[in-house]
Amino acid sequence: MRLGLTLAAVTFLCALPFYLDAFWLRIGLFSMAAAVGAVGLGLLSGTAGQLSLGHAFFLAVGAYGYVWLAGEPGPGLPTAVAAVLAVLLAGAAGGLFSPVAGRVRGIYLGVATLALVFLGHHVLLTADSVTGGFNGRSVPPLELGGFSFSADSELTLLGVPFGSEERLWYLGLALFAVTWFTARGLLRGRPGRALVALRDSETAAAVMGVDVSRYRSAAFVVSSMYAGLAGVMLALSFRRVVPDYFGLVLSVDYLAMIVIGGLGSVAGATAGAVFVTALPLLMTRYADQLPLVAAPGTTDGTVGPTEAARYLYGAAIVLILLFAPDGLHGLVRRLRARLRARRTAASPPANTTPPSRPHTPAAPAKEPTP
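Given the structure is predicted, the values throughout are model-derived calculations rather than measurements.

### Thoughts on the overall build of the chain
Part 1 of the argument: Secondary structure assignment for the chain yields 14 helices and six strands.
Part 2 of the argument: Against the 2.2 N^0.38 benchmark of 21 Å for 370 residues, the chain shows a C-alpha radius of gyration of 26 Å, more extended than a compact globule.
Part 3 of the argument: With the C-alpha coordinates aligned to their principal axes, the bounding extent of the chain is approximately 120 × 55 × 50 Å.
Part 4 of the argument: The long-range fraction of contacts in the chain, counting pairs at least 24 apart against all pairs at least 6 apart in sequence, stands at 72%.
Part 5 of the argument: For the chain, the exposed surface amounts to about 20300 Å²; the carbon and sulfur share of it is 67%.
Part 6 of the argument: Computed over 26 positive and 18 negative side-chain charges, the inter-centroid distance for the chain is 16 Å.

As structure tokens, then:
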């Protein structure tokens, strides 16, 4: 049944570009990129228990690394090679910071990673030759084997013209699938068990033979590589990168994703990423139909769609922490367990024949007392 549901979901997602317009495909692209980054942060904060407020920095390293490696000015490498090197560059940046992550924990690690965001934003604004400064840089389209993921060349499938959004949709699905299966493999394997033990108690993990500093540093490097891949996907989807996007607000958004979805869960991080990413875009499009929400570009004193979306998922965080501390994934899991228990209680047992009792000889009749 699980295999059938998986095949049905894959078929459904692959068929969407034939029926959806560009707006919905962009929401899907941004959500898939956010889901990749949220999975990485979930491994770090949810599974390993390390608070990080610098996820936006590693997203910027992946995005700008790809733009510089594949563009001009820059080495002008093939775009596929530039994408791989950008992910490795983000992992190298996480590796340089991993000694700090291996020795600092809790709120102190959060403050240390927060410094990365401010430092990275300053570098993005001042290194004009690499980043383009305040105006940013345009993103070179990705090419694989002569196939371009842009709308420069005409492509029609089953009578549907395939532009950049339709082409990037399948690339995003493939990258998200790789992220999903590799992250689940890490969580179910020995590294995942070691990280969970490390989160619960470092002393107990060390007694069981877990190298605490090594696994803490490795978790940071792996999370940085996922963030770098998400940065490359965001750059390809936006087609232009600017420094102001990779600020503290983006890091807070990613924390909101894993809290709403559920810490330490790949499916929960994906659900939280879709919720936090799609909500402001949907509210912007339907702002004129929503009460107390101003349409973009108006100044009538009401709340803008972006601010309204932040209020809503801020309220969602409060409700999740109060009534479902394990997030949406834990809530769905409990509901499934409850439905399964009701179904088991309602269904009669397979064998209704009462069990046979062992034969016991009848007691002899009591003789009358003379």
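### With respect to the side chain of Thr113
Part 1 of the argument: Locating Thr113 in the fold gives a position in helix α5 (residues 107–126).
Part 2 of the argument: Under the relative-accessibility criterion, Thr113 is labelled buried at 1%.

### A word on unusual backbone geometry
The bulk of non-glycine residues show a negative phi, and the bulk of peptide bonds are trans.
Part 1 of the argument: Glu72 connects to Pro73 through a cis peptide bond whose omega is 5°.
Part 2 of the argument: Here Pro73 is to be found in the loop between α3 (55–70) and α4 (79–103).
Part 3 of the argument: Here the phi dihedral of Arg239 falls at roughly 70°; this positive angle occurs in a residue that is not glycine.
Part 4 of the argument: Here Arg239 shows up in the loop between α10 (212–238) and β6 (240–241).
Part 5 of the argument: The class for Arg239 is partly exposed, based on a relative accessible area of 40%.

### A look at the pattern of salt bridges
Part 1 of the argument: According to the stated counting rule, one finds seven salt bridges in the structure shown.
Part 2 of the argument: One salt bridge connects Glu165 with Arg26, and the closest N-O pair in it is separated by 3.3 Å. Taken together, the positions of Glu165 in helix α7 (residues 164–188) and Arg26 in helix α2 (residues 22–47) put the pair 139 residues apart, joining distant regions of the chain.
Part 3 of the argument: Assessed through its relative accessible area of 10%, Glu165 is described here as buried.
Part 4 of the argument: The exposure class assigned to Arg26 is partly exposed, which follows from its relative accessible area of 35%.
Part 5 of the argument: For Asp326, the salt bridge goes to Arg333, with nearest N and O atoms at 3.9 Å.
Part 6 of the argument: Several salt bridges converge on common partners, so that one network encompasses Arg26, Glu165 and Arg239.

### Examining the packing of aromatic side chains
Geometrically, a pair of aromatic rings is defined through the distance of the ring centres and the angle of the planes.
Part 1 of the argument: Going through the model one piece at a time under the given rule, you end up with nine aromatic pairs.
Part 2 of the argument: Relative to Phe220, the ring of Phe58 lies with its centre 5.7 Å away and its plane at 75°, an arrangement referred to as edge-to-face. Note that Phe58 is positioned in helix α3 and Phe220 in helix α10, a separation of 162 residues in sequence.
Part 3 of the argument: Assessed through its relative accessible area of 1%, Phe220 is described here as buried.
Part 4 of the argument: Taking the centre distance of 5.2 Å and the plane angle of 35° together, the rings of Phe97 and Phe220 count as tilted. Note that Phe97 is positioned in helix α4 and Phe220 in helix α10, a separation of 123 residues in sequence. Both residues of the pair, Phe97 and Phe220, belong to the buried class.
Part 5 of the argument: Here the guanidinium or amino end of Arg285 rests over the ring plane of Phe23, the centre of that ring lying 4.3 Å away.

### A look at the nonpolar core
Part 1 of the argument: Core analysis: the largest hydrophobic core is formed by 81 residues, its most contacted members being Leu59, Tyr66, Leu236, Val241, Phe246 and Tyr254.
Part 2 of the argument: If you tally residues by element for this core, the top one is α10, at 13 residues.
Part 3 of the argument: Counting residues in hydrophobic clusters, the runner-up holds six residues, among them Leu279, Met283, Val293 and Ala309.

### A word on the environment of Leu263
Part 1 of the argument: Structurally, the position occupied by Leu263 is in the loop between α11 (248–261) and α12 (266–285).
Part 2 of the argument: A relative accessible area of 48% means that Leu263 is categorised as partly exposed.
Part 3 of the argument: Once the C-alpha coordinates of Leu263 and Ser347 are considered, the two residues, 84 residues apart in sequence, prove to be 35 Å apart.
Part 4 of the argument: Contact partners of Leu263, with chain neighbours within four places excluded, come to Gly46 and Ile258.

### Observations regarding a nonpolar patch on the surface
Part 1 of the argument: Together, Val81, Val84, Leu85, Leu88 and Met225 give the surface a local cluster of nonpolar side chains, amounting to about 380 Å² of exposed area.
Part 2 of the argument: A per-element tally of the nonpolar patch places α4 first, with four residues.
Part 3 of the argument: Locating Val81 in the fold gives a position in helix α4.
Part 4 of the argument: The class for Val81 is partly exposed, based on a relative accessible area of 39%.

### A look at the packing of α12 against helix α13 (residues 305–323)
Helices that pack against each other are described as a pair by the angle of their axes relative to one another and the distance between those axes.
Part 1 of the argument: Between α12 and α13, the shortest axis-to-axis distance is 8 Å and the interhelical angle comes to 145°. Between α12 and α13 lies a crossing of right-handed hand. Along its contact with α12, which presents Phe275, Val276, Leu279, Pro280, Met283 and Thr284, the element α13 presents Pro305, Ala308, Ala309, Leu312, Tyr313 and Ala316.

### As for the confidence of the model for the chain
Part 1 of the argument: Averaged over all residues, the pLDDT of the chain equals 85, while 91% of them reach at least 70.
Part 2 of the argument: Mean pLDDT across the secondary structure elements of the chain bottoms out at strand β4 (residues 156–157), with 70, and peaks at α3, with 94.

Conventions and cut-offs
- Residues numbered from 1 in each chain as written.
- Predicted model: local features only at pLDDT ≥ 70, side-chain atom pairs only at ≥ 80, totals over all residues.
- Heavy atoms only, no water.
- Helix = DSSP H or I, 4+ residues; strand = E, 2+ residues; numbered from the N terminus.
- Rg over C-alpha atoms; globule rule 2.2 N^0.38 Å.
- Contact = heavy atoms within 4.5 Å.
- Areas by Shrake-Rupley, 256 points an atom, 1.4 Å probe, with all protein chains shown as cover.
- Lys, Arg positive; Asp, Glu negative; His and termini not counted.
- Charge placed at Lys NZ, Arg CZ, Asp CG, Glu CD.
- Buried < 20%, exposed > 50% of the residue type's maximum accessible area, 1.4 Å probe, protein only.
- Salt bridge = Lys/Arg side-chain N within 4 Å of Asp/Glu carboxyl O.
- Phe/Tyr/Trp six-rings, centres within 6.5 Å; stacked < 30°, edge-to-face > 60°.
- Lys NZ or Arg CZ within 6 Å of the ring centre and 35° of its normal.
- Core = buried A, V, L, I, M, F, W, Y, C linked by side-chain atoms within 4.5 Å.
- Patch = residues over 30% accessible without salt bridge, like charges linked within 9 Å, V, L, I, M, F, W, Y side chains within 5 Å.
- Axes fitted to C-alpha atoms, helices over the stretch in contact; angles between N-to-C directions.
- Left-handed = near helix turned anticlockwise from the far one by under 90°.
- pLDDT = per-residue confidence, 0-100.

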